[in-house]
Every structure is written in structure tokens, then in C-alpha cells.
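# Summary of the model geometry
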Amino acid sequence: MLRFLAGKVTRGVVTLLIAVSAAFFLARGTGDPVREMLGDLAGPEQVAQLSAQLGLDRPLPVQYAAFVGDLATGDLGTSIRYGTPNLDLILGWLPASLQLAAAAMVLAVLVGIPLGVWAALREGRFADRFASTVALTGQSIPLFWLGLMLILLFAVTLGWLPAGQSTGFSSLILPAVTLSTLPMAQIARLTRSSMSEVLGEAFLDATRARGVARWRVVLVHALRNAALPVITIIGLQTGTLLSGAITVEFVFAWPGLGTLATQAVQMRDFSLIQAIVIFGAVVFVLVNLIVDLLYGILDPRIRDGVA
Amino acid sequence: MTAVLAPRRPASGRPATRARGAGAVLAFGVPLALIGAVCLAAPLLPLPDPAAQSLSAALRPPAWLSGGDAAHLLGTDHLGRDVLARILYGGRLTFLIAVAGMLAGAVPGTLLGLVSGFYRGTVDAVVSRFVEAQLALPFILLAIAVIAGRGRSLSALVLVLALFGWAQYARVIRAETLSLRERPFVLGLRCAGVPAPRILLAHMLPNVAGTVLVLVTLQIGTVILAESALSFLGLGVVSPQISWGAMLADGRDQLTHAWWVAAFPGLAITTVVLLVNLLGDAMRSWLDPKKRRY
């Protein structure tokens with residue numbers, strides 16, 4: 001188990017290093033952030049001054065070394081506009097995002113898994129087609145547009161729910177439903193295909209023959225075996241959730257990381273944008289590391305390198 | 001006894017879906033092609049100029065509602081511009097960006113997948129780490145980082161969409177190539193001393209072409225969604241260029257009193273992406289029934 005763990009951690013660190021390096025070089029190597037920040041009207045002295053202030057006048061490899069060095073000590077730089085450390089800003093805006101993401105994920109699992117199981121049990125029949133239509137529509141709809149339409153229906157026309165801002169539980173409903181659509185669709189599709197594969201296996205017939213109740217066979221024996229790919233997609237979805245959350249938070253004026261990111265873009269706070277990108281990558285790699293470990297616990301074959 | 005002998009469930013998949021095959025591809029492909037053709041032909045249609053502003057005709061509702069104007073079938077936006085004309089003209093840029101972004105990801109992604117699956121070893125390890133790293137970067141955040149450094153432009157948008165797409169191709173094509181390279185015909189070619197680049201491009205590429213085609217179709221839907229999200233956030237196309245995502249951003253501000261400005265472009269995106277996804281699924285089952293997934 002220890003070797004399995006060490007291997008996964010090493011790979012996670014390498015992945016992270018490549019990801020943040022890519023973010024660094026793509027942003028600095030391909031464009032001129034200072035020019036972008038100051039606009040076309042700035043004179044050459046202003047550009048030079050801000051470049052020096054941000055350390056952007058140094059050669060790229062030197063900048064990169066400083067960047068990685070800071071990163072290793074957990075320093076994500078200082079926001080240009082707020083003047084406070086980026087990490088503090090991110091941690092301040094994070095709770096609202098976590099709340100929204102968690103609510104959306106719970107909703108996606110609670111709807112997606114039963115929908116997928118139901119469709120697998122009724123393969124080829126109405127329930128199956130219904131579930132597949134729901135899932136495919138969920139994957140095809142732009143989340144922010146769905147959010148706008150939900151606001152139009154429930155907030156503007158019916159006046160049942162608030163349209164945005166974090167003001168208690170009722171304001172969480174619309175953004176969470178919106179954000180849950182995509183993961184729900186993917187979880188439903190995957191549960192359905194994984195379940196229908198497992199349902200055809202002989203060990204379930206054997207279990208049934210031993211007199212185990214049908215619901216128990218489906219919900220305990222089959223679902224447990226169908227769970228592995230579903231857990232993977234839940235892990236992968238956290239990344240998508242972070243991305244989708246940006247537009248959804250923007251639509252609902254939700255005070256989370258997504259809104260912080262859009263504000264940073266509008267204010268051209270280059271340092272903060274970079275810090276948020278890196279933070280997002282760290283979260284994603286961590287979540288997937290946990291998923292990998294969960295895999296090892298659920299299925300000993302993976303841990304021992306048999307499968 | 002017959003009840004026992006009868007198979008309880010179809011051995012693999014639904015017979016009904018298998019019969020769909022080419023029919024389904026046409027059923028979804030034809031409407032999609034029609035939508036594309038209408039958008040392409042937009043300048044030839046009797047439509048108002050999509051950029052023509054007329055404040056006296058601002059925020060007209062769709063023609064079938066009271067206050068609507070037959071000249072503006074889907075109403076007008078806050079500057080009096082015709083929503084239908086903007087959707088059709090916007091569709092041209094939306095499709096163009098989708099195809100360009102898709103190609104810019106598909107070509108390098110497929111080649112990297114072929115190379116890493118064929119040579120394995122170090123090349124494979126490096127490419128695989130990059131694929132994982134790409135998947136670890138939340139797409140919109142990555143796009144924000146690139147566009148914040150480069151500024152908004154069509155080329156920046158296509159670059160970002162390519163960065164977003166390539167890993168998917170590389171991963172899937174690598175897996176296909178891994179099994180393909182052990183097949184007798186490839187082993188034979190290698191024994192006969194055919195140079196590796198020739199094996200890759202002339203013999204293995206045609207064998208993965210079906211998969212690439214399916215991926216390309218499914219990816220177009222994702223790229224359209226990604227472009228609309230970026231334009232919605234103000235990171236995509238620059239006015240006066242029109243794309244569906246940019247129209248939605250305008251519509252957001254009018255939502256409370258003019259729902260049609262945001263509703264119709266979103267409907268256009270959803271319809272096209274749904275058709276593309278259905279087409280992709282249909283092509284998957286048509287090209288290779290064994291690989292058909294739900």
C-alpha cells in the first residue's frame with residue numbers, strides 16, 4: 001500500500017509541476033501582460049516601471065525559477081489590485097465556492113446514480129430512453145444559459161426563489177441545480193453503462209440463487225461493482241465543476257472563486273489570475289489523488305498491481 | 001421449459017439501436033447540415049443587417065407577441081438589432097471557431113497519440129504526463145490565464161480551444177495505437193523494414209480514422225460550449241464580431257424585461273450541440289457497434 005501511495009503522490013507532483021509550468025509559460029511566454037494591464041495609452045516608462053515592479057523585466061528563466069521557488073513555499077504572490085497576498089484572497093472567497101460545488105455534487109450524485117441504475121434495469125425501454133435524453137440534454141446545454149433561464153422562470157416570472165447572491169439556503173437552490181446538470185448527466189450515463197455491464201455477470205445470478213432479495217442484489221452487490229468508474233468520473237468532475245462554476249457564479253453573482261476570477265480578469269489583475277489557476281490545478285490533482293487512493297481501498301487488485 | 005431457454009436479456013446492446021446505424025447518422029446529420037447551410041447563406045437571405053442599430057425599434061418582442069413586428073421575427077435587442085439576423089450571422093463565426101478550434105486540437109492530439117502509442121517508452125511517458133497535466137488545469141481558468149496575457153483575439157481563442165482539446169485525442173488514439181501495433185499486419189510491415197513514419201501515417205492512421213471522426217464530432221459540441229462560455233465571460237470574440245456566446249452576454253443584462261434576447265441564442269447553442277452529440281453517438285455505433293457505449 002505504501003509503494004502504491006508513494007507512486008501516486010510522485011505522479012501527482014509531476015503532473016502539477018507540468019501544469020503550473022504550462023500556465024506560467026502560456027501566460028508570460030506568449031503575450032505581454034503589462035501591456036494588457038495598462039492598455040494602449042500607456043507610455044514606455046509606465047510599462048517599464050510596472051514591469052520592474054512585478055519582476056517581469058527579468059529574463060524568463062529567472063522569473064520561472066523565482067516562481068517555482070515561491071510556489072514550493074506556498075507563496076502564490078501578491079494581488080496587484082488588492083495589495084494583499086493572493087492566497088489569503090483565494091481562501092477568503094473559497095468557502096462560498098466549496099458550498100456551491102458540494103451542493104451541486106450531492107445533487108448530481110443523488111439524481112444521477114438512481115437515474116443510471118433505473119435506466120440499466122429497464123434497458124431499451126422507456127425509462128432508458130428518458131434517462132438518456134435527460135443526460136444528453138444535460139451535456140449539451142450551456143450551464144450559464146440554463147442558469148439565466150432558471151432565473152427568468154423562478155425568480156423573475158414566478159418570484160419563488162432569489163436570483164443570486166449568497167443569502168441563506170434558498171439562494172443556494174438555483175445555482176446548485178444549474179451547476180449539478182453536467183456532472184449529473186455524466187454520472188447517469190456512466191452508471192447506466194457500468195451497471196448494465198455488471199448486471200449481465202454470472203455472480204449476480206449466483207447471489208440471487210442463494211436467496212438474496214432482488215433489491216439487495218441490485219443495490220448492494222451490483223452497484224458496488226459498478227461504482228469504480230463512477231467514482232473516477234466524480235473525481236474528474238471536480239475540475240469541470242471548478243470551470244463550470246466560473247460562469248455559473250458569474251450568472252448568479254455568487255461570491256466564490258469564479259467571481260473572484262472574473263473580477264480579476266476585468267481588473268486585469270494578472271498575478272491573482274495566475275494564483276487562481278494554480279490553486280485550481282492543486283485542488284484538482286489533490287482530489288484525483290484521493291480518488292486513486294479510494295480506488296486502491298475499494299479494489300485490492302489495483303493496489304497490488306494485478307489489474 | 002421455453003421460458004428457461006429464452007435469453008433473459010439481449011446478449012449485447014439493443015437490437016433496435018443497432019438497426020439505427022446509418023439512418024441515425026442521417027437523421028441527426030441532415031438537420032445539422034441544414035442549420036450550417038442557413039447560417040452560411042445568411043447574407044443571401046432577406047434579413048435586416050445584423051449590425052444595424054435603431055433605437056426606436058429597441059427591445060421589440062418576437063413577432064407573435066403583442067408589440068411584435070413581422071420584420072423582426074425573433075424580436076430585437078437593446079440597440080434595436082434583429083435577433084434572428086444576429087443568430088444566423090453569429091452562427092457563421094460560431095461554426096468557424098468550432099471547426100478551427102477542433103482542428104487545432106485534433107491534428108496535434110492525434111499525431112501525439114499515434115507516436116506515443118507506437119514508440120512507447122520515454123516519448124509515451126512524457127506525452128502521458130502532459131495529457132494528465134492538461135486535464136488537471138480547469139479549462140476556463142487556463143483560458144483566462146492565456147487570454148489575460150495575450151489579449152482577446154480570434155487567434156487567442158483558437159489557441160485556447162486547441163490547448164483544451166488535444167489531450168482527449170492523444171489519450172484515446174494512444175490506447176488504440178497500443179493494441180494496433182501488436183496486430184499481425186503491423187508486425188509484418190515492421191519485419192519487411194517499412195520505415196516507422198510510413199507505417200504510422202499510411203497504415204495505422206487510416207485504422208484509427210473512424211475513432212478520430214467520432215471524437216471530432218463529439219469535440220465540436222464541447223468546443224461550441226467552451227467558446228460560448230468564454231464569449232459570455234467577455235474573453236471571446238470582440239464586438240462587432242457576433243457569436244452566440246457574445247449574444248448571451250448582451251441578453252443577460254436585458255433578462256428581466258426582454259427574455260428573448262438571451263433565450264434564442266441559448267436555444268441555438270443547445271440545439272446545435274445536442275444534434276452534434278447525437279450525431280457523434282450515432283456515428284460511434286455505426287462505425288463500430290462493438291465499441292458502442294451508452
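Residues numbered from 1 in each chain as written. Chains lettered and ligands numbered in written order. Predicted model: local features only at pLDDT ≥ 70, side-chain atom pairs only at ≥ 80, totals over all residues. Heavy atoms only, no water.

### Brief notes about the UniProt feature "transmembrane region" (unreviewed entry) in chain B
Residue and element names in this part refer to chain B.
- When the UniProt feature table is mapped onto this chain numbering, "transmembrane region" (unreviewed entry) sits at residues 21-45, 93-118, 130-148, 154-173, 208-238 and 258-280.
- Taken end to end, residues 208-238 comprises 81% helix and 0% strand; its first and last C-alpha atoms sit 37 Å apart.
- Its end C-alpha atoms 35 Å apart, residues 258-280 is made of 96% helix and 0% strand. (UniProt positions renumbered as here; feature names shortened; annotations may be inferred. Helix = DSSP H or I, 4+ residues; strand = E, 2+ residues; numbered from the N terminus.)

### Brief notes about empty space enclosed by the protein
Residue and element names in this part refer to chain B.
- Evaluation of the coordinates by the stated rule reveals two cavities of 30 Å³ or more.
- In this structure, the second largest cavity spans a volume of roughly 40 Å³.
- As for the second largest cavity, its lining consists of D77, R81, V83, R86, M247, D250 and V261.
- Within the residue set of the lining of the second largest cavity, elements represented by two or more residues are α3 (83-119) and α9 (244-253). (1 Å grid on protein atoms, 1.4 Å probe; cavity = no way out; pocket = protein on both sides within 12 Å on 5 of 7 lines; lining within 4 Å. Points joined across faces, edges and corners; volume = space filled by probe spheres on them.)

### Description of the interface of chain B and chain A
- Opposite the 48 residues of chain B that make contact, chain A presents 54 residues.
- The tally of links from chain B across to chain A stands at two salt bridges.
- Between D281 of chain B and R189 of chain A there is a salt bridge, and its shortest N-O distance comes to 3.1 Å.
- For the pair chain B and chain A, the number of links is seven residue pairs in polar contact (both at pLDDT 80 or more).
- For the side of chain B that touches chain A, the secondary-structure elements that each account for two or more residues are α4 (121-136), α5 (139-150), α8 (196-232), α9 and α10 (259-287) of chain B.
- Looking at which element gives the most residues to the side of chain B that touches chain A, the answer is α10 of chain B, with 13 residues. (Contact = heavy atoms within 4.5 Å. Salt bridge = Lys/Arg side-chain N within 4 Å of Asp/Glu carboxyl O. Polar contact = N/O pair within 3.5 Å; in protein donor to acceptor, adjacent residues only side chain to side chain.)

### Remarks on the UniProt feature "domain: ABC transmembrane type-1" (unreviewed entry) in chain B
- Following the UniProt record, the feature "domain: ABC transmembrane type-1" (unreviewed entry) maps to residues 91-280 of chain B here.
- Between the end C-alpha atoms of residues 91-280 of chain B there is a gap of 20 Å, over a span that is 85% helix and 0% strand.

### Focus on the pattern of salt bridges
- For the structure shown, the criterion picks out seven salt bridges over all chains.
- Two residues, D128 of chain A and R192 of chain A, come together in a salt bridge whose shortest N-O distance is 3.0 Å. In this pair, D128 of chain A sits in helix α6 (residues 126-140) while R192 of chain A sits in helix α8 (residues 170-199), placing the two residues 64 residues apart along the sequence.
- In this structure, the salt-bridge partner of D124 of chain B is R174 of chain B, at a minimum N-O distance of 2.6 Å. Taken together, the positions of D124 of chain B in helix α4 and R174 of chain B in helix α6 (residues 154-180) put the pair 50 residues apart, joining distant regions of the chain.

### Some thoughts on the packing of α6 of chain A against α10 of chain B
- As a packed pair, α6 of chain A and α10 of chain B sit with axes 8 Å apart at the nearest point and diverge in direction by 125°. In terms of orientation, α6 of chain A lies oblique with respect to α10 of chain B. Where α6 of chain A crosses over α10 of chain B, the two elements pack in a sense that is right-handed. Seen from α6 of chain A, the contacting residues are L136, T137, Q139 and S140 of chain A; seen from α10 of chain B, they are I269, T270, V273, L274, N277, L278 and D281 of chain B.
- Counted by class, the contact of α6 of chain A with α10 of chain B contains five nonpolar, five polar and one charged residues. (Axes fitted to C-alpha atoms, helices over the stretch in contact; angles between N-to-C directions. Parallel < 35°, antiparallel > 145°, perpendicular 65-115°, else oblique. Left-handed = near helix turned anticlockwise from the far one by under 90°. Nonpolar A, V, L, I, M, F, W, Y, C, P; charged D, E, K, R; others polar.)

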